Every structure is written in structure tokens, then in C-alpha cells.
Amino acid sequence: MAPSALPDDATHAEANKPCILVPEKVSPDGLKMLSSLYTVDIKMGLSAEELIKIIPSYHGLIVRSETKVTAEVLNAAKKMRVVARAGVGVDNIDVNAATQQGIIVVNSPAGNIVAAAEHTIALLLSTARNVGRADTTMKEGLWERSKLVGVEVGSKTLGIIGLGKVGLKVARMAVGLGMKVQAMDPYASADIAAKHSVELVSTLEDLLPAVDFLTIHTPLIASTLDMIGEKQLCMMKKTARVLNVARGGVYNEEALIRALDEGWIAGAGMDVFTSEPPKENSSALRLSKHPRVVATPHLGASTKEAQENVSLDVCAQMREILRGGLPTAAVNAPLILPEEYKKLQPFVKLVEKMGSLYTQHFVGSKGGMIGGRTFDLIYSGELANISNTRPLFAALVKGLMSTISDSKGRDVNIVNATLLAKEKGIAINETHLHEAKEIVYNSLVTLKSYDGAHRSEQVIEGYVSGKSFYISRLDQFASNFHPDGPMIILHNYDEPGKIGGVGMVLGTHKINIRFMHVASYDGEDLGPEGEKRGNEALMILGVDVDVDKVVLCELSKCDGVLNVNAVRL
Ligand SMILES: NC(=O)c1ccc[n+]([C@@H]2O[C@H](COP(=O)([O-])OP(=O)(O)OC[C@H]3O[C@@H](n4cnc5c(N)ncnc54)[C@H](O)[C@@H]3O)[C@@H](O)[C@H]2O)c1
Ligand SMILES: O=C(O)[C@H](O)COP(=O)(O)O
């Protein structure tokens, strides 16, 4: 296990043991359980080229956040069976490339959450009491008591964006400090929040003006990149302080520097940056050096205890996988076992897409919530006769979470789906409908969602034909489209001339339309004024690229358009 020179293939082959490469500092507690069974090479400070050169002789790789496990590295890793992330975030690993190569990626989803939450509280108090600056100036021989008057956190309001594992721990600690806690997380359960004395709010606009401190605990994904920029910082109190122990990029660093320079907010505590270590001339470097910022070099998980936890967690999984066993936290485990594959695979794909469409259409664009809602998955026709529909349950959880986690829902599998749904306060009921509901297709899947009081029901229906699958209902609109790739969903009045205006906007932005489908209204609801909604329709456009906010804004201004949103399925 001692650090050695670059590997010698002959030595590895001779030993005939699987070989594991550890290119970062991983606690020896876990590594010990591997070194009696396998060859463990600790080689720190490898360049990308060196890693690619030596990776072909390894069967396992254990990394933290610094090693970039790119497709190039994985393509070169001819014998690789498992990549273990000794921590949570897998944004430094190309999980898709690993899946394509049949390499299992595992992580430690909970091993470092206490450490991350405690570090957040450390930054909260440091920013409130100017601890960083006080320490620096004392070391310079100064005694600046009057310049370093701080604020108390007790009785103040902490805003949390992302009430997951770390966010919830931070909330509990902050309540212990006497703070009032508000949170925004469209996928969190209001019940779980209330149990922890957290008030859930629906939008950033509700949260930001009210808080004295703001902390973000989401993954870095499309919807959280630059989530807090100039517009959001301007909504905050001038005395507010912001924290980041999640990922660099959830705050726009340029906007944050401006807000600190111009006094829109009072201070910041930053553990993570868009480049780590911060590159020369980068916003990350300027932010870390800013006098109003307390900066730490990605130390959130760097405690002895957390490092022991994550090391034991991933090394146990590495040991099991290399001797043919199963992991406990695979980021890319299958949803479906081989024997069920033929029968269920198209339905698994359909239900996953229905879940993802639900989140993007009903939650993402409309500021709704998933947490606390109930979902009914109803199987009709031939599908009703299949008793083991567990993969479909898991597929729904995966689809619902696909746009809210940095693993894009890949860490959902048949083993953990129930637990993950419970964590979010999502109830899923499966019904096998044997009685004669008249259906046009051999098998139909209906997804209904409603809140605790059985209000605000939303519906998506889908069916499989051959190997392909289609959405046959979206809310009150009868449709028929294949849910795949980037799409635009426009809710509009069903009147002549709508298509021309929309086509013009897309043409101006050089966006090609792959298909267009008009879904007509066939529900019984009345509109807000009690009027019949028969003259409404959905226009569903498959496009060749993801459309940005500018295009969506222009589309929303087209005559007769009631609402527009973009989804990627
Ligand atoms: N600095 C560190 O050393 C350190 C240590 C541990 C974790 N982390 C990072 O902390 C983050 C949170 O980790 P976790 O274990 O709590 O993850 P988690 O998956 O348990 O929680 C993330 C939460 O974010 C919510 N969310 C997703 N998109 C959102 C959006 N657009 N708006 C509001 N909420 C949204 C999810 O619903 C979820 O509740 C991750 O980015 C992780 O990598 C950093
Ligand atoms: O996602 C994580 O687990 C944290 O960011 C910790 O990263 P580290 O293992 O590099 O400290």
C-alpha cells in the first residue's frame, strides 16, 4: 500500500490479484480491508496523461473530487470494473461513459453529510463574526476591535435552498442556534420540513427578501447553475450573508463579486468554486481573495470522521464488486434484472419518461412541488397481469428525480427506490386494473398525481407499441407523441394562425422542428372565469436543440399562447 513508482504490468500480472489505483488522499481505514485481498497502489499527483497511461492495468479506481475520470480515462481502462467515489458528488466522473463500458460507479451518499453541515455552520458563524479577517489582521500585528463588529445569528432567518441530506442537517443545527429557518426545494416534503421546524416556501422570490443568511445545498445541475445571480442578489437584504458548501457555480461568481463590491449584500462564506484550485485571473480566485469573503479550499468533507466513513463505505463496496457481490450505493445500477428485461423494458422506459415529463412540465415550469404529493401508477390491459412491476415503480422514482440530482436519477435502482421516494415524502401507489376499463392499446399506464387533500390532480398517460412508447394524455389534453429529446410544450388557444407565429420565432433562432403534434382538449374542467376550455390545445414540438429562456420568452408573447415550457426527455 506504500506509494510506489508507476506500475509495472509484469508485477501486477504475476501477483494475479485485481489491482486498485488510489490517486487521491483516501483514509487508510477502508483501504486496509482491500490490501489483504488486492494490490492497492496509492499514487498521488498524477497528471491526466499519466493517469491514462497507467489506468489499463487496474480493475478498480478510488477517487475524491479532484481526479477527473473522463471518457478518455475510462476508454483506456480496459480491465476496470468499478470506480468508487469516496464522497457524494460524482460530477467529476463521466458516469455515462462508465455505464457504456459496463463499469460500476459507486459512492458514499451519506458518509460526509454531518461534516458538510458542520462546515456550513462554521462558515455561517465566521461570516457573522468576521472570524477570517480578525485572524488575518491579528497575525499582521493589528488589533482591529472596532472595525470587526459582527452580527448575531440567533433569532435571525436562515434561508436554505435544497433541503436534502445536508440541507436538513444544517436546518436542525440552525434551529439549535435559535434561528428561524425557511427553505425552498420543490422536491422536498412539507411534512418532513415541518417536523424539523422548517417553513417551506415555493419560490426564490418568497425566500430571498426574507433571509439574513442564505445557504445552498443542491447538486450542480442545469436548473441550479447560476441559480443566484445579479437579479436574485438584488432581492436580498443589504445586511444578508450567503454561503456555499455545495458546488461552485450555484452562485454566479461574477455577480457575487459585484454584489459584495457594491454592498448589495454584506458578506459570503465560500467552500467551493467554479475552478478548484482557483485558476489564475478567474472569478473563483477573485472571490476567494475578496475581503468580504471567508474562503476555505473545499473542506466540507474534510474531517477525520467523514473520511473514515466514506472510505469504509466505498472500500466495502469495491471489495464486494471485485469478488462478484453487489454494491449498496451504485450510481449506475440497473433498474431491471435480465430475466425481466424483454417483457418490461419498453414500459420501464415509458414510465421513466412519464416521471421526467411530470417533473419538467408540472414542477419545473410552474413552480410546483413534488415532495408531499401522492402518485398513482395504474396499469391496465396486459400489463395488469404482470405481478412484479417493481422496476416500473423504480423507473417512476428515477424519472421524477432525473432533473433534480447530479447523477440525473442514475443512482435510483430497484433496491433503493422506495427509500428515496420516502426521503422526499413521495407516496406511490401501484394499481393493477383488471376490470374492463376500455382501452385502445394492449397496455396502458396512467400516472395520476395529487396533493394530500386529493386536490390539483394531474394526469399523464402512455402506452407501448412494439418497441416504442408514446404519451397519449398530458393533463386534460389527448395526445400522441414519442417523448424523446428536446421539446417545447405550448399551451394555447386552439385558433388558426398559431403555428405560423411559433414557426417564425423558431425559424429566426434557427431551431429545426423534428415533429409537431397538436393535443386537443378533452377534459371537463372549466377555465378560471367558468368558461368552457374546449378552445384550448397543447402544441408539442420536438426540436433539434435545447431552447433557452430568450426563445421561450418570445414564444410566450406569440398571439394566443397561454403558457410555454421546454422539456428534455
Ligand atoms: N463542500 C463539500 O465538501 C461537500 C460535502 C458533501 C456534499 N457536498 C455537496 O452538497 C450538495 C448537497 O448534497 P446532499 O447529500 O444534501 O444531496 P441531496 O441529493 O440529499 O440533496 C439535494 C437537494 O437539492 C434539491 N434540489 C435539486 N434541484 C433543486 C432546485 N432547482 N431548487 C431547489 N432545490 C433543489 C433536491 O430536491 C434535494 O433535496 C451536493 O452538491 C454535494 O455534492 C459538498
Ligand atoms: O461531494 C462530496 O462528497 C464533497 O464535495 C467532498 O469532496 P472531497 O471528497 O473532494 O472532499
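A quick note: this is a predicted structure, and the numbers were derived from the prediction, not measured.

(A) Just the overall build of the chain, in detail. What the chain contains, in helices and strands, is 19 helices and 22 strands. The buried share among the 569 residues of the chain stands at 52%. Restricting the contact set of the chain to residue pairs at least 6 apart, pairs at least 24 apart contribute 68%. Split by element, the accessible area of the chain, about 26100 Å² in all, is 53% carbon and sulfur.

(B) Spatial organisation of the packing of aromatic side chains. What the rule picks out here adds up to 4 aromatic pairs. Seen in terms of ring centroids, Tyr358 and Phe375 are 5.0 Å apart; in terms of plane orientation they differ by 80°. Their pairing is edge-to-face. Highlighted residues: Tyr358 in helix H15 (residues 338–364) and Phe375 in strand S13 (residues 374–381), separated in sequence by 17 residues. Here the aromatic rings of Phe477 and Tyr521 are separated by 5.5 Å at their centres, their planes lie at 70°, and the arrangement is edge-to-face. With Phe477 in strand S18 (residues 477–481) and Tyr521 in strand S20 (residues 513–521), this residue pair connects regions lying 44 residues apart in the sequence. The two residues Phe477 and Tyr521 agree in class, both being buried.

(C) The arrangement of the site of ligand 1 in detail. With respect to spatial proximity, 29 residues lie near ligand 1, and among them Lys165, Val166, Asp185, Thr218 and Lys424 are the closest. Between an oxygen atom of ligand 1 and a side-chain N or O atom of Asp185, the distance comes to 2.6 Å. For ligand 1, the accessible surface in isolation is 870 Å², of which the surrounding protein chains cover 93%. Grouping the constituent residues of the shell around ligand 1 by class yields 14 nonpolar, 10 polar and 5 charged.

(D) Representation of the environment of Gln317. Within the secondary structure, Gln317 sits in helix H14 (residues 304–322). In sequence terms Gln317 and Asp376 are 59 residues apart; their C-alpha atoms lie 34 Å from each other. Leave out the neighbours within four places in its chain, and Gln317 touches Val106, Asn107, Pro327, Thr328, Ala329 and Ala330.

(E) Region of interest: the environment of Ala110. With respect to the helices and strands, Ala110 occurs in the loop between strand S5 (104–107) and helix H6 (113–129). Look at Ala110 and you get partly exposed, because its relative accessible area is 44%. Through-space distance from the C-alpha of Ala110 to that of Asn75 is 29 Å; in sequence the pair is 35 residues apart.

(F) Broad picture of the site of ligand 2. Every residue near ligand 2 is listed here: Arg64, Ser65, Arg85, Ala86, Gly87, Val88, Gly89, Asn112, Arg247, His298 and Ala301. Note that an oxygen atom of ligand 2 is positioned 2.7 Å from one of the side-chain N or O atoms of Arg247. For the shell around ligand 2, the class distribution of residues is 3 nonpolar, 5 polar and 3 charged.

(G) Geometry of helix H16 (residues 390–401). The end-to-end C-alpha distance of H16 is 17 Å, a good match for the 16 Å that 12 residues give at a rise of 1.5 Å each. Most of H16 is tucked away: 11 of the 12 residues are buried. Listed in full, the buried residues belonging to H16 are Pro391, Leu392, Phe393, Ala394, Ala395, Leu396, Val397, Lys398, Gly399, Leu400 and Met401.

(H) Structural view of the sheet that holds strand S11 (residues 267–270). Here we have 7 strands laid out as an open sheet, ordered S8-S7-S6-S9-S10-S11-S12, and parallel in their pairing. One side of each edge strand has no neighbouring strand; the edge strands of this open sheet are strand S8 (198–201) and strand S12 (293–295). Across the sheet, the mean angle separating the axes of adjacent strands is 20° when strand polarity is ignored. One ladder, built from 4 bridges, connects strand S6 (residues 157–161) with strand S9 (residues 213–216); its direction is parallel. In the strand pairing of S9, Gly159 is matched with Leu214. Helix H8 (residues 165–176) contacts S6, strand S7 (180–184), S8 and S9 of the sheet and is inclined by roughly 175° relative to S6.

(I) Up close: the pairing of S20. Across 2 bridges, S18 lies against S20 in antiparallel orientation. Across the sheet, residue Phe477 finds its bridge partner in S20, namely Tyr521. Pairing between S20 and strand S21 (residues 536–543): 7 bridges, direction antiparallel. Across the sheet, the residue bridging to Met516 is Leu541, located in S21.

(J) Seen up close, the pattern of salt bridges. A complete count under the given rule lists 12 salt bridges for this structure. For Arg568, the salt bridge identified is with Asp546, shortest N-O distance 3.0 Å. Residue Arg568 is located in strand S22 (residues 561–568), and its partner Asp546 is located in the loop between S21 and helix H19 (549–556); the two are separated by 22 residues in the primary sequence. For Arg568, a relative accessible area of 45% corresponds to the partly exposed category. Here Asp546 falls in the partly exposed class, since its relative accessible area comes to 48%.

(K) Summary view of the UniProt feature "domain: D-isomer specific 2-hydroxyacid dehydrogenase catalytic" (unreviewed entry) in the chain. Cross-referencing UniProt, the feature "domain: D-isomer specific 2-hydroxyacid dehydrogenase catalytic" (unreviewed entry) maps to residues 20–332 in the present numbering. Taken end to end, residues 20–332 has its terminal C-alpha atoms 20 Å apart, with 37% of it in helix and 15% in strand.

(L) Here's a closer look at the packing of H6 against H8. Packing of H6 against H8 brings their axes to within 9 Å, and their N-to-C directions diverge by 50°. By the angle between their axes, H6 is oblique relative to H8. H8 is crossed by H6, and the crossing has right-handed handedness. Residues Ile113, Val114, Ala116, Ala117, Glu118, Thr120 and Ile121 of H6 lie in contact with H8, whose contacting residues are Lys165, Val166, Lys169, Val170, Met173 and Ala174. Partitioning the contact of H6 with H8 into residue classes produces 9 nonpolar, 1 polar and 3 charged.

Cut-off values and rules
Residues numbered from 1 in each chain as written. Chains lettered and ligands numbered in written order. Predicted model: local features only at pLDDT ≥ 70, side-chain atom pairs only at ≥ 80, totals over all residues. Heavy atoms only, no water. Helix = DSSP H or I, 4+ residues; strand = E, 2+ residues; numbered from the N terminus. Buried < 20%, exposed > 50% of the residue type's maximum accessible area, 1.4 Å probe, protein only. Contact = heavy atoms within 4.5 Å. Areas by Shrake-Rupley, 256 points an atom, 1.4 Å probe, with all protein chains shown as cover. Phe/Tyr/Trp six-rings, centres within 6.5 Å; stacked < 30°, edge-to-face > 60°. Near = heavy atom within 4 Å. Polar contact = N/O pair within 3.5 Å; in protein donor to acceptor, adjacent residues only side chain to side chain. Nonpolar A, V, L, I, M, F, W, Y, C, P; charged D, E, K, R; others polar. Expected span 1.5 Å × (residues − 1). Pairing = 2+ DSSP bridges. Axes fitted to C-alpha atoms, helices over the stretch in contact; angles between N-to-C directions. Salt bridge = Lys/Arg side-chain N within 4 Å of Asp/Glu carboxyl O. UniProt positions renumbered as here; feature names shortened; annotations may be inferred. Parallel < 35°, antiparallel > 145°, perpendicular 65-115°, else oblique. Left-handed = near helix turned anticlockwise from the far one by under 90°.

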